[in-house]
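Inside the fold
Residues per chain are reported as follows:
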Amino acid sequence: MQRTLFDPDHEAFRETMRFFVDRTLRPNAERHAAEHRIDRDCWREAGRAGLLGLEVSETYGGTGAQDYRFNAVFNEELARFGAAYASCFGIHADVVAPYLVDLGTAEQRTQWLPRMCTGEVVTAIAMTEPSGGSDLANLRTRATADGADWVIDGAKTFITNGGSADLVVVAARTGPGPGARGVSLFLVDTTRPGFHRGRILDKVGQPESDTAELFFDGLRVPADALLGEVGQGFISLMQRLPQERIGVAIGNIANTDQILTETLDYVKGRQAFGQPIGSFQHNKFLLAELFTKVQVTQSFVDTCVDAHTRHALTAEEAAMAKWWSAEIQSDVLDHCVQLHGGYGYMNEYRVARAWKDARVNKIWAGSNEIMKELIGRKLGL
Ligand SMILES: Cc1cc2nc3c(=O)[nH]c(=O)nc-3n(C[C@H](O)[C@H](O)[C@H](O)COP(=O)(O)OP(=O)(O)OC[C@H]3O[C@@H](n4cnc5c(N)ncnc54)[C@H](O)[C@@H]3O)c2cc1C
């Protein structure tokens, strides 16, 4: 179906994204997977191409696009190539940058945003802890006021870009009791003493990303490392998670569409019993169903992107888009593996890697169960 979401300017930006993927990421992807990190040259190249500052005004080195549809194109083109790239670049440009833009002081923005836009500084956001990620309000990492400083102690895990980040937005408890009210956000410069990285985690999929554990051991940060107001961190997270979730949904459906289209090519070429395997009625009907599911999901995600562009997307709608697109992706990619037969189980085939890469989409950025919990609450249940 003809999508009506984008203007010629967005399509021109899509060409820029494709050029970046083909010239900078594709030739290096096998190395990224082997080394479990996207090298800094690729980040800098993304910066030079003006891809990392879509949410950032020109004053701070960004492009100041102020139109979420550009973020959508950014996400789609990275996810079409590989889920890990959408995740790593997305966390940096589409998730962390808006925290600084919305909550940062002029000094904090000046200190970090220009270098984030050039790719000189890579960022992460650390909410999840070894003791739990779904129950975010009960996080245990603590920041204690000490004179004009804060001293942070605790641990985070599963942090995307954690292995290489120069700046981490850390959610920590500053209030006395448990619960959402005592959570604050900090801008943690990773060169400070007391900041330690754990191992790069050995994931099932997305080997290109350096997902890591982080430890804070008497990590002293100055008062101006506080991002936003004391005790408002949980609210700030809740206000911004819908953008992270619609970003995941955009990537999910773009990636699914890409792998399904590649699978269609495969079933037209692969022969069994003297005919293309796609032409068996079972497979033909299956592919008709899969393409229908992708189209229907794309329409809903596009409607959500349009709403978000108008600042009208609700948290529940973002949750719907996130869980539904992850389920459809899981279903469709599993069939794509099946249609490839044994080759579908070989790591050298994109479909096999995409299938493994996709599994996390039902878990991260709020699990599918937590998404349904949010939607259920809105239903008054
Ligand atoms: C590759 C990867 C990258 C990640 N990147 C980041 C990152 O950059 N920053 C970050 O902060 N986090 C990150 N995460 C963490 C991710 O957001 C969490 O894993 C996720 O929120 C789930 O938390 P958990 O793993 O502690 O599972 P748990 O909270 O222990 O949940 C376990 C299971 O219980 C279910 N469950 C929990 N509560 C309920 C409930 N009320 N009702 C029904 N079921 C429930 C969950 O849905 C899940 O199925 C990443 C995770 C992965 C795997």
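Predicted model only: the values in this text are computed from it and were never measured.

1. Describing the packing of aromatic side chains
The full count for this structure, using the stated rule, is 10 aromatic pairs. Judged by centre distance (5.3 Å) and plane angle (35°), the ring pair of Phe-81 and Tyr-85 falls under tilted. Each member of the aromatic cluster is reached from another via a ring pair, and the members are Phe-20, Trp-43 and Phe-89. The aromatic ring of Tyr-99 is capped on one face by Arg-240, whose charged end is 5.6 Å from the ring centroid. Directly above the aromatic system of Trp-323 lies the positively charged group of Lys-372, at a separation of 4.3 Å from the ring centroid.

2. So, the pairing of strand β1 (residues 123-126)
The side-chain alternation of β1 yields two buried faces, one formed by Thr-123 and Ile-125 and the other by Ala-124 and Ala-126. Pairing of β1 with strand β4 (residues 167-173) involves four bridges; the strand directions are parallel. Bridge pairing in β4 links Ile-125 to Val-169.

3. Section: the site of the ligand
Taken together, 19 residues sit near the ligand, with Gly-133, Ser-134, Phe-158, Ser-367 and Glu-369 positioned nearest. In the environment of the ligand, an oxygen atom lies 2.8 Å from a nitrogen or oxygen atom belonging to the backbone of Met-127. In the complex, the protein chains occlude 66% of the 980 Å² of accessible area that the ligand would expose alone. Among the residues making up the shell around the ligand, the classes are represented as 10 nonpolar, seven polar and two charged.

4. Some remarks on the layout of surface pockets
Counted as a void, the second largest pocket has a volume near 500 Å³. Taken together, 23 residues line the second largest pocket, and the ones lying closest to its centre are Glu-55, Asp-102, Gln-243, His-308 and His-311. Taken together, the residues that form the lining of the second largest pocket break down as 10 nonpolar, seven polar and six charged.

5. Overview of the side chain of Ser-209
Here Ser-209 lies in the loop between β6 (195-200) and β7 (212-222). Separated by 3.2 Å, the side chain of Ser-209 and the backbone oxygen of Gln-206 make a polar contact.

6. Quick look at helix α1 (residues 8-25)
Between the first and last C-alpha of α1 there are 25 Å, a value that for 18 residues agrees with the 26 Å anticipated at 1.5 Å per step. Among all positions of α1, only His-10, Phe-13, Arg-14, Met-17, Phe-20, Val-21, Thr-24 and Leu-25 are buried. Here the buried residues of α1 occupy an arc of 130° about the axis, which is enough to place them on one side. Exposed residues lying more than 90 degrees from the buried face of α1 are Pro-8 and Phe-19. Contact partners of the buried residues in α1: α2 (29-35), α3 (40-48), α4 (68-81) and α5 (83-103).

7. Some words on the environment of Phe-186
When you line up the elements, Phe-186 lands in strand β5 (residues 183-189). Residues Phe-186 and Glu-35, spaced 151 residues apart in sequence, show a C-alpha to C-alpha distance of 29 Å. The residues touching Phe-186, leaving out its near neighbours within four places in the chain, are Ala-143, Trp-150, Ile-152, Val-168, Val-169, Val-170, Ala-172, Thr-174, Val-221, Ala-225, Leu-226 and Leu-227.

Analysis parameters
- Residues numbered from 1 in each chain as written.
- Predicted model: local features only at pLDDT ≥ 70, side-chain atom pairs only at ≥ 80, totals over all residues.
- Heavy atoms only, no water.
- Phe/Tyr/Trp six-rings, centres within 6.5 Å; stacked < 30°, edge-to-face > 60°.
- Lys NZ or Arg CZ within 6 Å of the ring centre and 35° of its normal.
- Buried < 20%, exposed > 50% of the residue type's maximum accessible area, 1.4 Å probe, protein only.
- Helix = DSSP H or I, 4+ residues; strand = E, 2+ residues; numbered from the N terminus.
- Pairing = 2+ DSSP bridges.
- Near = heavy atom within 4 Å.
- Polar contact = N/O pair within 3.5 Å; in protein donor to acceptor, adjacent residues only side chain to side chain.
- Areas by Shrake-Rupley, 256 points an atom, 1.4 Å probe, with all protein chains shown as cover.
- Nonpolar A, V, L, I, M, F, W, Y, C, P; charged D, E, K, R; others polar.
- 1 Å grid on protein atoms, 1.4 Å probe; cavity = no way out; pocket = protein on both sides within 12 Å on 5 of 7 lines; lining within 4 Å.
- Points joined across faces, edges and corners; volume = space filled by probe spheres on them.
- Expected span 1.5 Å × (residues − 1).
- Arc of directions from axis to C-beta.
- Contact = heavy atoms within 4.5 Å.

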